[in-house]
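Next come the chains, spelled out residue by residue.
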Amino acid sequence: MMTEQSHPIPSTNEEFNPAADNGHHALDIDLGTATPARKSVRGATKRSIVANSSDETKDLIRKSSPRATRPANSSSLEHGAVIKYGSLTLLVAQMVGLVLLMRYTRTKGANILADGTREMYLATTAVFMMEMVKLLICVVVVFFQSGSSLSGLASSLHQHIWMSPMEIVKLCVPSLLYTIQNNLLYFALSNLDAATYQVCYQLKILTTALFSVILLRRRFSPSKWFALILLTIGVAIVQSSGSGDDTIKSHSLDLQKQNRYLGLVAVLFAACTSGFSGVYFEKILKGAQTSLWLRNIQMGLPSILIAYVTVYLKDYTTVSSKGFFGGYNFWVWTVVIVQAAGGLIVALVVKYADNVLKVFATSFSIIFSCLVSAVMFDFRPNISFTVGATLVMVSTVLYARPSAVRVKSKYELPLSARAASRGARKVGLVSM
């Protein structure tokens, strides 16, 4: 016995009576038993409703028509596409250019001394100068965001730096890890060719996923775990392929000290620090309201201090004898500026591009690194390298694919209503 019925299902044998609606338009479930007379009455009712519509309703319908809004929407979409793909192009250029420039400055681009040897600049000083340039860029951006006034800049820095000491303390961990990571990348590119480095460094996807499971309790679908396994296999094949460039054979004795396996160890540690610091950064700052530029200033202050201490702990003797900027030239300063601006480019891509486009940027950067390395460094990939690099690119695309989620149509009846309609239809068929 039914005690409550909020949405009655119309009977298939009930006569349709337009006067009984009283202005309420209920959902009409047609089970295929409507007569021609009922269809004609229904059509006449719809025409009368349209004819009696007010001018305001017609104007609203006309304004909401896709044809009426197409020119404005198309222009905004075109503008958004230009920004999206422009920032993506900048990201690919930065990823490829930075790696190739770092490799060049650590090999062919080193200064030649009077005795024919090459003077190598210190990676620790380059990391310190990169942090200084990045901090300066962020301060300039905050200055313009504060109304281009020194008082507004001072107020923002006082509120988010001086009055927020615990935020800076929490950021000391990722600051330390990022400083170690940047020094490891210089060491890796002193021992690995640019293409191999570009492929192996994609292990940061694996380390980020593992730390996300441990620290953030995230769950991944079987397809994502398969992609991570494929990524690991691809990197292992690339590392064992033995492909490399000719810089070891064609340059000074210092460059003959390059060790491929030490370079791989440096990349592995850099990938681990990248994954852990990124997940830690997300964990402690989730829901924070501080802007991206102020957050970079907060993290840049301890990074500068840590990088400066690293210079004198690791290279005090060299700095004392050759100076802080020993071995610097135009290309070294270019590396410093490009690496500092890389964070800003990534911020643009995060804002305007989706995850799939960023993954394709990673794949393109691997391909372009191989092509440019073939021209600049006489890089000759073998079959094993090609297979491994292909597996890495395929794995990044698979990992970026969204998990299959069933999307409910807005026109679909709720489960209870569909069950009720099927039950009503069965009852009607049985009664017949």
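Up top is the structure these notes are about.
Quick caveat, the model's predicted, so the values are computed rather than measured.

### Some words on the overall build of the protein chain
On a plain count of helices and strands, the protein chain comes out with 18 helices and two strands. Counting every position in the protein chain, which comprises 432 residues, the buried fraction comes to 38%. Taking as baseline every contact in the protein chain between residues at least 6 positions apart, the subset at least 24 positions apart corresponds to 82%.

### Here's the deal with helix H13 (residues 292-314)
Because an α-helix completes one turn every 3.6 residues, residues spaced three or four positions apart along the sequence face the same direction. In this model, H13 (23 residues) spans 32 Å end to end at C-alpha, consistent with the 33 Å of a helix rising 1.5 Å per residue. Where H13 bends most, at Gly 300, the angle is about 30°, and the proline Pro 302 comes one to four residues later. For H13, every residue scored as buried is listed here: Trp 293, Leu 294, Arg 295, Ile 297, Gln 298, Met 299, Gly 300, Pro 302, Ser 303, Ile 304, Ala 307 and Val 311.

### Comments concerning the side chain of Ser 373
Checked against the element boundaries, Ser 373 lands in helix H16 (residues 355-376). Classification of Ser 373 as buried rests on a relative accessible area of 2%. In this structure, Ser 373 is in contact with Leu 100, Ala 194, Ala 195, Asp 378 and Phe 379, ignoring residues within four places of it in sequence.

### Examining a nonpolar patch on the surface
Among the surface-exposed residues, Phe 364, Ile 367, Phe 368 and Leu 371 lie close enough to one another that they form a single nonpolar patch of about 360 Å² accessible area. For Phe 364, the location among the structural elements is in helix H16.

### A few points about unusual backbone geometry
Despite not being glycine, Ser 148 has its phi angle at roughly 55°, a positive value. Residue Ser 148 is classed as partly exposed on the basis of its relative accessible area of 41%.

### Brief notes about the packing of helix H4 (residues 123-145) against H13
H13 packs onto H4 with a crossing angle of 160° between their chain directions and a minimal axis gap of 9 Å. Between H4 and H13, the interaxial angle falls into the category roughly antiparallel. Note on packing geometry: the crossing formed by H4 with H13 is left-handed. Where H4 abuts H13, its residues Thr 124, Thr 125, Val 127, Phe 128, Glu 131, Met 132, Leu 135, Cys 138, Val 139, Val 141, Val 142 and Gln 145 lie against Trp 293, Leu 294, Asn 296, Ile 297, Leu 301, Ser 303, Ile 304, Ala 307, Tyr 308, Thr 310, Val 311 and Lys 314. Taken together, the residues of the contact of H4 with H13 break down into 16 nonpolar, six polar and two charged.

### What to know about the packing of aromatic side chains
For the structure on display, the rule yields 18 aromatic pairs. For the pair Phe 276 and Tyr 280, a centre-to-centre distance of 6.1 Å together with 20° between the ring planes defines the contact as stacked. In this pair, Phe 276 and Tyr 280 both sit in helix H12 (residues 260-285), four residues apart, roughly one turn of the helix. Measuring from ring centre to ring centre gives 5.1 Å for Phe 324 and Phe 325, while their planes differ by 75°; the resulting arrangement is edge-to-face. Given a relative accessible area of 16%, Phe 324 falls into the buried group. Taken together, Tyr 121, Phe 128, Tyr 186, Tyr 308, Tyr 312, Tyr 316, Phe 324, Phe 325, Tyr 328 and Trp 333 form an aromatic cluster joined through their ring pairs. Sitting over the ring of Tyr 121, Arg 106 keeps its end group 4.8 Å from the ring centre. Positioned over the ring face of Tyr 399 is Lys 224, at 5.0 Å from the centre of the ring.

### Points about the pattern of salt bridges
Applying the stated criterion across every chain, the model contains five salt bridges. In this structure, Glu 167 and Lys 170 form a salt bridge, with 3.3 Å as the shortest nitrogen-oxygen distance. Of this pair, Glu 167 and Lys 170 both sit in helix H6 (residues 165-170), separated by three residues, roughly a single helical turn. Overall, Glu 167 belongs to the partly exposed group, its relative accessible area being 23%. As a salt-bridge pair, Lys 314 and Asp 315 come within 3.8 Å of each other at their nearest N and O atoms. What you see here is one network of salt bridges that share partners, running through Glu 167, Lys 170 and Arg 295.

Definitions and cut-offs
- Residues numbered from 1 in each chain as written.
- Predicted model: local features only at pLDDT ≥ 70, side-chain atom pairs only at ≥ 80, totals over all residues.
- Heavy atoms only, no water.
- Helix = DSSP H or I, 4+ residues; strand = E, 2+ residues; numbered from the N terminus.
- Buried < 20%, exposed > 50% of the residue type's maximum accessible area, 1.4 Å probe, protein only.
- Contact = heavy atoms within 4.5 Å.
- Expected span 1.5 Å × (residues − 1).
- Bend = angle between axes of the 7 residues up to and from the residue.
- Patch = residues over 30% accessible without salt bridge, like charges linked within 9 Å, V, L, I, M, F, W, Y side chains within 5 Å.
- Areas by Shrake-Rupley, 256 points an atom, 1.4 Å probe, with all protein chains shown as cover.
- Salt bridge = Lys/Arg side-chain N within 4 Å of Asp/Glu carboxyl O.
- Axes fitted to C-alpha atoms, helices over the stretch in contact; angles between N-to-C directions.
- Parallel < 35°, antiparallel > 145°, perpendicular 65-115°, else oblique.
- Left-handed = near helix turned anticlockwise from the far one by under 90°.
- Nonpolar A, V, L, I, M, F, W, Y, C, P; charged D, E, K, R; others polar.
- Phe/Tyr/Trp six-rings, centres within 6.5 Å; stacked < 30°, edge-to-face > 60°.
- Lys NZ or Arg CZ within 6 Å of the ring centre and 35° of its normal.

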